[in-house]
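Fold and geometry: a report
Take a look at the letters that make up each chain.
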Amino acid sequence: MTEAILLVGGKGTRLRPLTVHTPKPMVPAAGVPFLTHQLARARAAGVEHIVLATSYLAEVFEPYFGDGSTLGLHLEYVTEEEPLGTGGAIRNVASRLHSGPDDPVLVFNGDILTGLDIRALVRTHETTGADVSLHLTKVTDPRAYGLVPTDDTGRVLAFLEKPQTPEEIVTDQINAGAYVFRRSVIDTIPQGRPVSVERETFPDLLSAGAHLQGLVDSTYWLDLGTPAAFVRGSADLVLGRAPSPAVPGRCGDRLVLPTATVAPDAKLAGGTVVGEGAFVAEGARVFGSTILPGAVIEPGAVITDSLIGIRARVGERSVLTGTVIGDGAVVGPDNELREGARVWCDARIPAGALRFSPDQ
C-alpha cells in the first residue's frame, strides 16, 4: 500500500475557540500540528502518497507541509467548494489516486489519535479479500457512537446508529475512523453531493452484499473532538502513552520547545507542553496542559488540564482547571475558572472578576 486519503475538512466546531483561526488538524498537540503525527505514522507504515481532503481554512495546510518531502511523503491537496461529508470528500479526491482498481487505499479521519497497527489493517483487508476494511475499537460506554457488530470471522453484520436503550447495545465495538477501501469501491460513491460513509456508503454496500471486514484494535484510541480530549491527547503523546514518531523531543513528564522560557521554580508535570516563545513565570504550576506559542503564564498561576491559546495571558495567582483560553485572550490576576469554561479569542477578563469559591 502506498496511498492514503486524509480527511481534514471539518470545521471543528466542538473545539472552538481553538479552531476560530486554526483548522482542527493544525492545532498543536505535543508541540506540532496534530496532523503531523498522523502523517508521520502513515509514513512509518509504508504510505508514500497522501491526498488531503481540505475545506475549512484550507489555505493553511500547504504553506506548512508543502509537498511533504520533509516527511518523506508526496502530499497533494484538494479543496471542497462546499462541504461534502466523509464519503463525498473521499470521492472528490479520487482522481488524484494512482492505484489500480483492486489496490488498497487507506482512508483516515483527521481528528483521531490512535495506536492502530496500520499494516495489520491492510493485511486483514488483503487476506480476507474485503471490499472495505474498518478499524474497530471497543469502548466502555458505546451510547455516543455508531455500533458495528461482526461475526466470528470479523465480517461486519450491520451498522447501528447511536443506541438509546440497553437492548440496542448489541456490541461494544465502534467505528474508529480508519478504513482500507478497494480502489474501485471509491468510484461507486456518488459524486458532487454530500455523502456520509457511516450513514450511507457503508450501509448501502452491506445491503448490496459487499464484503466489509472489521479489525478490532484497542491499543489506544481517542477522538480529539472536544477541548478536554484534545488536551488529554497532547499529554498522552508527551507521556508516551500514545505512539508517534513526530513528538519533537523525548517522552516524559513535560515538553518544553526550544525557544520557550520556564522559570527555574515553576512546576511542570503530567505531559505539559510549553510552545515556542511561551513564558512560564516563577511559582507557576502547570499540570497536563498545553501552553501554545507566545502565551504567558504569570507568577503563581495554577493551570490543570487546560489549553492556553497563542499569545494568550494568564494573570498572577489565577487558577484554571479544564479550561480553554482562546488566542490573544487575557485572564487577569486572581481569577478562578473551572471545567468547561471557554474564554473567546482576544477577550479580556479583569482582575478578580470570576470565581467559583469564596474570596479569601
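The rules we used
Residues numbered from 1 in each chain as written. Predicted model: local features only at pLDDT ≥ 70, side-chain atom pairs only at ≥ 80, totals over all residues. Heavy atoms only, no water. UniProt positions renumbered as here; feature names shortened; annotations may be inferred. Helix = DSSP H or I, 4+ residues; strand = E, 2+ residues; numbered from the N terminus. Buried < 20%, exposed > 50% of the residue type's maximum accessible area, 1.4 Å probe, protein only. Pairing = 2+ DSSP bridges. 1 Å grid on protein atoms, 1.4 Å probe; cavity = no way out; pocket = protein on both sides within 12 Å on 5 of 7 lines; lining within 4 Å. Points joined across faces, edges and corners; volume = space filled by probe spheres on them. Nonpolar A, V, L, I, M, F, W, Y, C, P; charged D, E, K, R; others polar. Phe/Tyr/Trp six-rings, centres within 6.5 Å; stacked < 30°, edge-to-face > 60°. Expected span 1.5 Å × (residues − 1).

Attention now moves to the UniProt feature "domain: Mannose-1-phosphate guanyltransferase C-terminal" (unreviewed entry) in the protein. Summarizing the sequence annotation, UniProt attributes the feature "domain: Mannose-1-phosphate guanyltransferase C-terminal" (unreviewed entry) to residues 252-333 in the numbering used throughout. Helix makes up 0% of residues 252-333 and strand 41%, and the two end C-alpha atoms of the span are 30 Å apart.

With that out of the way, let us pick up the pairing of strand 4 (residues 49-54). Counting buried positions along strand 4 gives six out of six residues, so the element sits mostly inside the fold. Alternating positions in strand 4 separate into two faces, His 49, Val 51 and Ala 53 on one and Ile 50, Leu 52 and Thr 54 on the other, with burial throughout. Across five bridges, strand 1 (residues 3-7) lies against strand 4 in parallel orientation. Paired with Ala 4 across the strands is Ile 50, a residue of strand 4. Pairing of strand 4 with strand 5 (residues 74-79), which is carried by six bridges, proceeds in the parallel orientation. The residue of strand 5 that forms the bridge with Ala 53 is Val 78.

What follows is about the layout of surface pockets. Vacant regions in the atomic arrangement are exposed by a probe of water-molecule size rolled over the atoms. Approximately 1,300 Å³ is the volume attributed to the largest pocket. Looking at the lining of the largest pocket, the elements that each hand over two or more residues are helix 3 (85-92), strand 9 (173-182), helix 6 (197-207) and strand 11 (221-223). Looking at which element gives the most residues to the lining of the largest pocket, the answer is strand 9, with five residues. Partitioning the lining of the largest pocket into residue classes produces 20 nonpolar, 14 polar and ten charged. Quantified by volume, the second largest pocket comes out at close to 210 Å³.

Our next topic: the packing of aromatic side chains. Enumeration according to the criterion identifies seven aromatic pairs in this entry. With 6.4 Å between their ring centres and 65° between their planes, Phe 34 and Phe 230 make a pair best called edge-to-face. Within this pair, whereas Phe 34 is found in helix 1 (residues 34-44), its partner Phe 230 is found in helix 7 (residues 227-239), the two being separated by 196 residues in sequence. For the pair formed by Phe 34 and Phe 230, the shared burial category is buried. When the ring of Tyr 64 is compared with that of Phe 65, the centres are 4.8 Å apart and the planes differ by 70°; the resulting orientation is edge-to-face.

Owing to its 3.6 residues per turn, the α-helix brings residues three or four apart onto one side. An ideal rise of 1.5 Å per residue puts 18 Å on 13 residues; helix 7 measures up with 18 Å between its terminal C-alpha atoms. Here helix 7 lies mainly inside the structure; ten of its 13 residues are buried. Every buried residue of helix 7 is accounted for by Pro 227, Ala 229, Phe 230, Val 231, Gly 233, Ser 234, Ala 235, Asp 236, Leu 237 and Val 238. Gly 240 occupies a position one or two residues after helix 7 and carries a positive phi of about 85°.

Let us now look at helix 1. A large share of helix 1 lies buried, amounting to nine of its eleven residues. Every buried residue of helix 1 is accounted for by Phe 34, Leu 35, Thr 36, His 37, Gln 38, Leu 39, Ala 40, Arg 41 and Ala 42. Positive backbone phi, approximately 105°, marks Gly 46, located one or two places after helix 1.

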